[in-house]
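Now for the letters of each chain:
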Amino acid sequence: MVEIRVDRDVCDGLGQCALVAPEVFALDDDERLVVAPEVPDGLAGKVAAAVRACPVRALVVEGA
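Presented here is an overview of the structure given in this document. (Residues numbered from 1 in each chain as written. Predicted model: local features only at pLDDT ≥ 70, side-chain atom pairs only at ≥ 80, totals over all residues. Heavy atoms only, no water.)

Considerations on the environment of Glu 62
Alright, step 1. Structurally, Glu 62 can be placed in strand S4 (residues 59–62).
Alright, step 2. Since its relative accessible area comes to 33%, Glu 62 is described here as partly exposed.
Alright, step 3. A C-alpha to C-alpha distance of 6.4 Å links Glu 62 and Ile 4, two positions 58 residues apart in sequence.
Alright, step 4. Not counting chain neighbours up to four residues away, the residues in contact with Glu 62 comprise Met 1, Val 2, Glu 3 and Arg 5.
Alright, step 5. In this structure the side chain of Glu 62 is engaged in a polar contact, spanning 3.1 Å, whose partner is the side chain of Arg 5. (Helix = DSSP H or I, 4+ residues; strand = E, 2+ residues; numbered from the N terminus. Buried < 20%, exposed > 50% of the residue type's maximum accessible area, 1.4 Å probe, protein only. Contact = heavy atoms within 4.5 Å. Polar contact = N/O pair within 3.5 Å; in protein donor to acceptor, adjacent residues only side chain to side chain.)

And the structure:
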């Protein structure tokens, strides 16, 4: 199982992850990151790309 951790102190809500993997990442109305509770099967590659796209390195994937 893939687990995504967000460092809320670092995340600026830029949304690059949501552009790469909108099935997993989104921004709420206050531009805070929302992460799906479970990563759908077959999206590990997109999630990894989304983590790499984060300009402030606020995301970590475990179990990929």
